[in-house]
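Observations on the three-dimensional arrangement
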Amino acid sequence: MKRVAILISGGGSNMLALLRDMGQGGYAEPVLVASNDTAAGGLQKAADLGVLTAAVDHRPFGKDREAFEAALAAKIDAARPDILCLAGFMRILTPGFVRRYEGRMLNIHPSLLPKYPGLHTHARALAAGDTHAGCTVHEVTAELDAGPVLGQGSVPIQPGDTEASLALRVLSLEHQLYPAVLRRFVAGDRTLVRLP
Ligand code: GRF
């Protein structure tokens, strides 16, 4: 069975959606939840579900991204994952780290890529007067938020939407999209998932 490691930086709602789906579908085994923040709320949630966790605080490494990533990769590799899922992981990864896992590392981004790579995606969609927003699961490559798209979910932007109301609507779609993409990815199926 494919072994999946999940990287988080915060509450880990996407991580929970992935753990729940793997538990129900039995198509993959979560072998680690790791974070760059020892206080990430998702770590306790994962531990409560019996999943091994690890954390490497990136701050003591300062600007030495490679040293931080080497420490993190050591914890990841110890769990022997086949696939890495970035889920609310908020550190930019160097090309060296990406190369270690390229072709088996996924990320979820809260926009309809290629629109709005980077941060504040919902504010940018609102400011642009877009009619829709959404989320994208893509393979991670050295270029930020730019790898091959494996799935997208779209929601209408409604009058009166704020960044918060839109983020909430997109997040619940993320929780459907990421597991749907992981199921296919584990099966070696790269056909695009589109929601709804
Ligand atoms: C979500 O908007 C996700 O798209 C982005 O990080 C945010 C928080 O995710 N990657 P989570 O609740 O920690 O999974």
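Residues numbered from 1 in each chain as written. Predicted model: local features only at pLDDT ≥ 70, side-chain atom pairs only at ≥ 80, totals over all residues. Heavy atoms only, no water.

1. Observations concerning the packing of aromatic side chains
Remark: the centre distance and the inter-plane angle together describe each pair of aromatic rings, the angle taken between the planes. According to the stated counting rule, one finds 2 aromatic pairs in the structure shown. On the numbers, 5.1 Å between centres and 55° between planes, the contact of F97 with Y101 is tilted. With F97 and Y101 both in helix α4 (residues 95-101) and 4 residues apart, the pair spans about one turn of that helix. Across this residue pair, the class does not change: F97 and Y101 are buried. (Phe/Tyr/Trp six-rings, centres within 6.5 Å; stacked < 30°, edge-to-face > 60°. Helix = DSSP H or I, 4+ residues; strand = E, 2+ residues; numbered from the N terminus. Buried < 20%, exposed > 50% of the residue type's maximum accessible area, 1.4 Å probe, protein only.)

2. With respect to the layout of surface pockets
Considered as a void within the structure, the largest pocket measures approximately 860 Å³ in volume. What lines the largest pocket is a set of 36 residues, among which F89, M90, I108, H109 and P110 lie closest to the centre. If you list the elements that add at least two residues to the lining of the largest pocket, you get α1 (13-25), β5 (105-109), α5 (121-127) and α6 (163-186). With 4 residues, α6 is the largest single contributor of residues to the lining of the largest pocket. Partitioning the lining of the largest pocket into residue classes produces 17 nonpolar, 14 polar and 5 charged. (1 Å grid on protein atoms, 1.4 Å probe; cavity = no way out; pocket = protein on both sides within 12 Å on 5 of 7 lines; lining within 4 Å. Points joined across faces, edges and corners; volume = space filled by probe spheres on them. Nonpolar A, V, L, I, M, F, W, Y, C, P; charged D, E, K, R; others polar.)

3. Here's the deal with the side chain of E174
Tracing the backbone through its elements, the reader meets E174 in helix α6. Although E174 is buried, it forms no salt bridge, and the closest oppositely charged side chain is R169 at an N-O distance of 12 Å. Those residues within four positions of E174 in sequence are excluded, and the remaining contacts are N14, I108, P110, C135 and P179. (Lys, Arg positive; Asp, Glu negative; His and termini not counted. Salt bridge = Lys/Arg side-chain N within 4 Å of Asp/Glu carboxyl O. Contact = heavy atoms within 4.5 Å.)

4. Structural notes on unusual backbone geometry
The residue after L113, namely P114, is reached through a cis peptide bond having omega 10°. Structurally, the position occupied by P114 is in the loop between β5 and α5. Put simply, L195 and P196 share a cis peptide bond, and its omega is 0°. Mapped onto the secondary structure, P196 falls in the segment after β8 (193-195). The phi angle at R80 is positive, at roughly 50°, despite the residue not being glycine. Here R80 lies in the loop between α3 (65-78) and β4 (83-86). A relative accessible area of 54% means that R80 is categorised as exposed. We note that Y116 has phi near 60°; this positive angle belongs to a residue other than glycine. The topology assignment puts Y116 in the loop between β5 and α5. For Y116, a relative accessible area of 16% puts it in the buried group.

5. Regarding the side chain of T94
You can see T94 is positioned in the loop between β4 and α4. The class of T94 is buried, set by a relative accessible area of 10%. Not counting chain neighbours up to four residues away, the residues in contact with T94 comprise R65, E66 and E69.

6. Topic: the pattern of salt bridges
This structure, assessed with the given rule, holds 7 salt bridges. Residue R3 pairs with E29 through a salt bridge whose shortest N-O separation is 4.0 Å. Placement of R3 in strand β1 (residues 2-8) and of E29 in strand β2 (residues 28-35) is noted, with a sequence separation of 26 residues between them. Measuring nitrogen to oxygen at the nearest pair gives 3.1 Å for the salt bridge that ties D130 to K115. You can see D130 sitting in the loop between α5 and β6 (132-139) and its partner K115 sitting in the loop between β5 and α5, a full 15 residues away along the chain. On the basis of relative accessible area, K115 is assigned to the partly exposed category, the value being 40%.

7. Examining the site of the ligand
Near the ligand the following residues occur: G11, G12, S13, N14, G88, I108, P110, L171 and E174. With respect to the ligand, the backbone of G88 contributes an N or O atom lying 3.5 Å from a nitrogen atom. Considering the ligand on its own, with 370 Å² of exposed area, one finds that the protein chains cover 78% of that surface. A molecule is said to occupy a pocket when more than half its atoms come within 2 Å of that pocket's grid points, and by this definition the ligand occupies the largest pocket. For the shell around the ligand, the secondary-structure elements that each account for two or more residues are α1 and α6. Looking at the shell around the ligand residue by residue, the class counts come to 3 nonpolar, 5 polar and 1 charged. (Near = heavy atom within 4 Å. Polar contact = N/O pair within 3.5 Å; in protein donor to acceptor, adjacent residues only side chain to side chain. Areas by Shrake-Rupley, 256 points an atom, 1.4 Å probe, with all protein chains shown as cover. Sits in = over half its atoms within 2 Å of the grid points.)

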